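Residues per chain are reported as follows:
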Amino acid sequence: MQRQIRNILKKYPNARIIQITHCGATVIGYKEFEKVINEVKKNKRGKKYKLVFDSVSRMSRNAKEGSKLYEELFNCNVEIEFLKDPTVNTEMYRTTLQSHKIEMEINTGDQATDEFLNALIQDFNKYTMTLAKKQIETAFAQAEKELDNIHKNTADGLQTAKERGKRVGTPKGTKLVTKKSKKAKAIILEHSKTFGGTLSDTECMKLADVTMKTYYIYKKELKAEYGTNINDTI
């Protein structure tokens, strides 16, 4: 994360840095990222937005979703720059489309000839756009492939460790304590009817912003530690 921030600030000292701590195929769907995307798409303030990423993989490692979002932002006149992959910046994409596009209409006086030549020009322009899009798709496909390789190498490494008799993963029964788990447990302990609060499990789950599985794991741990005041209520 710090390396990415350093690279961005080196070129854009006044950049507005938005940190999204997430590892996976895509950040699409995560609140912080969606908030930024909605802001630049709607552009209520009439700004000229530019999204800067350290590399293509930092925007998405999902070829389909990454390409789709790229096209949507491009059509909203949002500039996108990848410091390590400049060949797929929107500036280059736009230049490619404009430099290869033929903007002319044939008018020889012969209808059949005109229709034929104009159809060829339209097909050529479509072909040029397809090639440009393919370049973008290839970049995101490569990022997706990198993630697949990481998953494969990780799986191979875990299997090798098991074969050598090494313990892999967290021992069963180990409780992981994080800032999020502390916050969620505090909410559950204060508001759940099980512990004397006023919220049902469904309501408390939403307030704590955790999945059903995680909620009941936390609740079980809290029961063991604090006991209960009344019967469980869903």
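The structure presented is a predicted model; accordingly, all values stated were derived computationally and were not measured.

Definitions and cut-offs
Residues numbered from 1 in each chain as written. Predicted model: local features only at pLDDT ≥ 70, side-chain atom pairs only at ≥ 80, totals over all residues. Heavy atoms only, no water. Core = buried A, V, L, I, M, F, W, Y, C linked by side-chain atoms within 4.5 Å. Buried < 20%, exposed > 50% of the residue type's maximum accessible area, 1.4 Å probe, protein only. Helix = DSSP H or I, 4+ residues; strand = E, 2+ residues; numbered from the N terminus. Contact = heavy atoms within 4.5 Å. Salt bridge = Lys/Arg side-chain N within 4 Å of Asp/Glu carboxyl O. Expected span 1.5 Å × (residues − 1). Arc of directions from axis to C-beta.

Colleague: With reference to specific residues and values, describe the nonpolar core.
Modeller: In terms of nonpolar packing, the biggest core is built from 24 residues, with Leu 51, Met 59, Tyr 70, Leu 73, Phe 82 and Phe 140 touching the most fellow members. Elements with a minimum of two residues in this core: α2 (31-42), β1 (50-53), α3 (63-75), β2 (79-82) and α5 (111-163). Residues within four places of Leu 51 in sequence aside, it is in contact with Val 36, Ile 37, Val 40, Leu 73, Val 78, Glu 79, Ile 80 and Glu 81. By size, the runner-up hydrophobic cluster in this structure holds 12 residues, among which are Ile 187, Val 210, Tyr 215 and Tyr 218.

Colleague: I'd like a description of the pattern of salt bridges, backed by residues and values.
Modeller: Taken as a whole and assessed by the stated rule, the structure comprises nine salt bridges. The partner of Lys 48 in a salt bridge is Glu 79, with the nearest N and O atoms 3.9 Å apart. Here Lys 48 is found in the loop between α2 and β1, whereas its partner Glu 79 is found in strand β2, with 31 residues between them in sequence. For the salt bridge of Lys 185 with Glu 221, the shortest nitrogen-to-oxygen distance reads 2.5 Å. Pair noted here: Lys 185 is in helix α6 (residues 179-191) and Glu 221 is in helix α8 (residues 212-226), with a separation of 36 residues, a long-range link. In this structure Glu 221 comes out as buried when scored by relative accessible area, which is 17%. It is possible to trace a salt-bridge network through shared partners that takes in Arg 3, Asp 54 and Lys 84.

Colleague: I'd like to hear about unusual backbone geometry, residue by residue, with values.
Modeller: Peptide bonds are mostly trans, and most non-glycine residues show a negative phi. The backbone of Asn 77 shows a phi angle near 65 degrees, a positive value even though the residue is not glycine. In this structure, Asp 209 is a non-glycine residue whose phi angle is positive, near 55 degrees. Looking at the element boundaries, Asp 209 is found in the loop between α7 (201-208) and α8.

Colleague: Residues and numbers for α2, please.
Modeller: The end-to-end C-alpha separation of α2 is 16 Å, in line with the 16 Å expected for 12 residues at 1.5 Å each. Listing the buried residues of α2 in full gives Phe 33, Val 36, Ile 37 and Val 40. All buried residues of α2 lie within an arc of 95 degrees about the axis, which places them on one face of the element. Projecting away from the buried face of α2 at angles above 90 degrees are the exposed residues Lys 31, Lys 35 and Lys 42. Of the surrounding secondary structure, the elements contacted by the buried residues of α2 are β1 and α3. Positioned one or two residues after α2, Asn 43 has a phi angle of 45 degrees, which is positive.

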